[in-house]
Amino acid sequence: MGKNILITGGAGFIGCHVVQLFVNKYPDYKIVNLDCLTYAGNLENLKSIEDCPNYVFEKVDILDEAELKRVFEAHAITDVIHLAAESHVDRSITDPLAFVKTNIIGTVNLLNTAKAYWKDYSEHLFYHVSTDEVYGSLDHGGFFLETTPYDPQSPYSASKASSDHFVRAYANTYKLKTVITNCSNNYGPNQFPEKLIPLCIHNIRNNKPLPVYGKGENIRDWLYVVDHARAIDVVFHQGKAGETYNIGGFNEWKNIDIVRLLCQKMDEKLGRAAGTSEQLITFVKDRAGHDLRYAIDASKIQSELGWEPSLQFEEGIEKTIDWYLSNESWLENVTSGNYQKYYEAHY
Ligand code: NAD
Ligand code: DAU
């Protein structure tokens with residue numbers, strides 16, 4: 001059956017892969033990408049589908065309630081997949097209020113708009129995309145399960161935890177049909193080069209220092225972004241209303257080992273002598289309140305919905321490096337701020 005799906009944050013890293021997957025796979029759905037194009041939103045990410053008849057872009061801020069109402073009415077929105085957020089932990093440490101505004105108030109605005117616009121809630125789904133960081137830090141072993149108590153440690157994760165609570169509160173209080181997924185660290189093409197992997201690729205390419213926080217001993221569980229988009233597709237279509245699903249790759253790495261792997265692969269690809277790029281590694285002051293370890297137990301989505309990651313990490317890293325090396329103009333644009341000037345002039 002045809003649906004008119006509002007995908008928020010569709011010009012960002014994960015959102016652009018979700019939008020591309022849905023536009024290509026479901027020609028009967030109308031996909032409305034709603035994004036206000038912060039520094040992290042980039043319409044270049046969507047060049048391959050921008051002319052598709054089932055795709056529409058709306059430059060709207062989720063803090064603008066009147067505009068949200070207009071978009072729901074104009075496109076007769078049937079479902080929401082909500083990704084728009086401030087997403088970088090370091091930025092949340094310097095400007096927590098921006099995270100409160102977009103991640104908490106923006107989410108509540110969207111919930112209110114859906115609640116007011118939809119009539120029979122059983123026919124519509126509000127899908128909230130969240131993070132494993134809401135569970136806190138695994139300092140003493142174990143894995144994050146869907147039942148792990150929330151224990152957010154950074155302003156970013158506190159804002160995401162709050163947004164998750166609001167989604168559950170709207171399901172409980174108003175009977176909105178909702179689903180939440182909490183995913184581990186994503187990597188892959190189109191990620192803004194403030195995050196560890198694209199930052200290192202960019203800096204190795206340009207012979208700049210690779211800032212490793214603390215001793216580089218912190219552990220993250222990495223998943224290729226296209227596999228996250230595939231999981232969102234599966235949960236959107238087969239997930240049980242009211243449920244939470246954890247998404248992850250069972251793929252834990254210490255930061256320093258990832259940085260060394262990137263150095264080794266980049267030396268090979270750039271024809272540099274082995275060990276050249278490792279000399280760029282620079283240990284710097286640790287992130288304030290730095291979570292030690294994240295690790296998702298993704299058994300529930302695997303056993304109940306049959307989703308599994310499609311790529312091994314080394315294969316995903318190769319694809320990621322190759323993408324950045326063959327899209328240097330994308331990196332140049334996002335790091336120079338030229339694309340922001342372009343949007344100011346055109347949108
Ligand atoms: P991103 O920063 O790359 O993209 C965020 C997008 O949201 C951008 O296009 C931005 O323009 C848009 N946006 C921000 N504020 C907005 C506002 N007020 N109104 C409208 N649009 C706005 O983020 P990402 O890494 O793609 O993350 C997407 C979602 O997935 C977030 O909710 C994040 O919490 C979650 N998540 C991310 C990861 C990860 O590793 N990156 C892992 C798990 C969950
Ligand atoms: O776990 C999911 C989360 O993963 C998402 O919810 C967030 O949106 C996403 O940004 C990511 O958060 P992290 O803080 O884990 O990602 P980041 O790439 O910023 O950092 C990864 C690890 O690398 C972390 O332990 C901090 C460290 N790091 C990061 C940067 C940017 C460094 O050592 N040096 C750096 O320069």
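Residues numbered from 1 in each chain as written. Chains lettered and ligands numbered in written order. Predicted model: local features only at pLDDT ≥ 70, side-chain atom pairs only at ≥ 80, totals over all residues.

1. Brief notes about the pairing of strand β9 (residues 219-224)
Taking burial as the measure, the six residues of β9 include five buried ones, the bulk of the element. With three bridges joining them, strand β7 (residues 185-187) and β9 adopt parallel strand pairing. Residue pairing across strands places Asn-185 opposite Trp-222, the latter belonging to β9. Two elements, β9 and strand β11 (residues 252-254), share three bridges in a ladder whose sense is antiparallel. Each residue of the ladder has a partner; that of Asp-221, found in β11, is Glu-252. (Buried ≥ 20, exposed ≤ 12 C-beta atoms within 10 Å, placed from the backbone. Helix = DSSP H or I, 4+ residues; strand = E, 2+ residues; numbered from the N terminus. Pairing = 2+ DSSP bridges.)

2. Quick notes on the environment of Ile-77
Of note, Ile-77 is situated in the loop between α2 (65-75) and β4 (79-82). We classify Ile-77 as buried; it has 22 C-beta atoms within 10 Å. Sequence separation of Ile-77 and Asn-255 is 178 residues, and the distance between their C-alpha atoms is 41 Å. With near-sequence residues (within four places) excluded, Ile-77 lies in contact with Asn-4, Leu-6, Val-32, Val-71, Phe-72 and Tyr-117. (Contact = placed C-beta atoms within 7 Å.)

3. Things to note about the sheet that holds β11
The strand order β7-β9-β11 describes an open sheet built from three strands, whose pairing is mixed. In this open sheet, the two strands that pair with only one neighbour each are β7 and β11. Neighbour to neighbour, the strand axes of the sheet diverge by 50° on average, direction disregarded. Contacts between helix α7 (residues 225-238) and the sheet are confined to β7 and β9, with β9 contributing the most and set at about 70° to the helix. (Axes fitted to C-alpha atoms, helices over the stretch in contact; angles between N-to-C directions.)

4. With respect to the UniProt feature "domain: NAD(P)-binding" (unreviewed entry) in the protein
When the UniProt feature table is mapped onto this chain numbering, "domain: NAD(P)-binding" (unreviewed entry) sits at residues 6-320. Split by type, residues 6-320 is 40% helix and 17% strand. Its first and last C-alpha atoms lie 28 Å apart. (UniProt positions renumbered as here; feature names shortened; annotations may be inferred.)

5. Some thoughts on the pairing of strand β1 (residues 4-8)
Extensive coverage of β1 is indicated by the burial of four of its five residues. With five bridges joining them, β1 and strand β2 (residues 30-35) adopt parallel strand pairing. Bridged to Ile-5 within β2 is Ile-31. In this fold, the crossover linking β1 to β2 by way of helix α1 (residues 13-25) has right-handed handedness. Of the pairings in the sheet, the one linking β1 to β4 comprises four bridges and is parallel in character. Residue pairing across strands places Ile-7 opposite Ile-81, the latter belonging to β4. (Right-handed = clockwise from strand over helix to strand, strands pointing away.)

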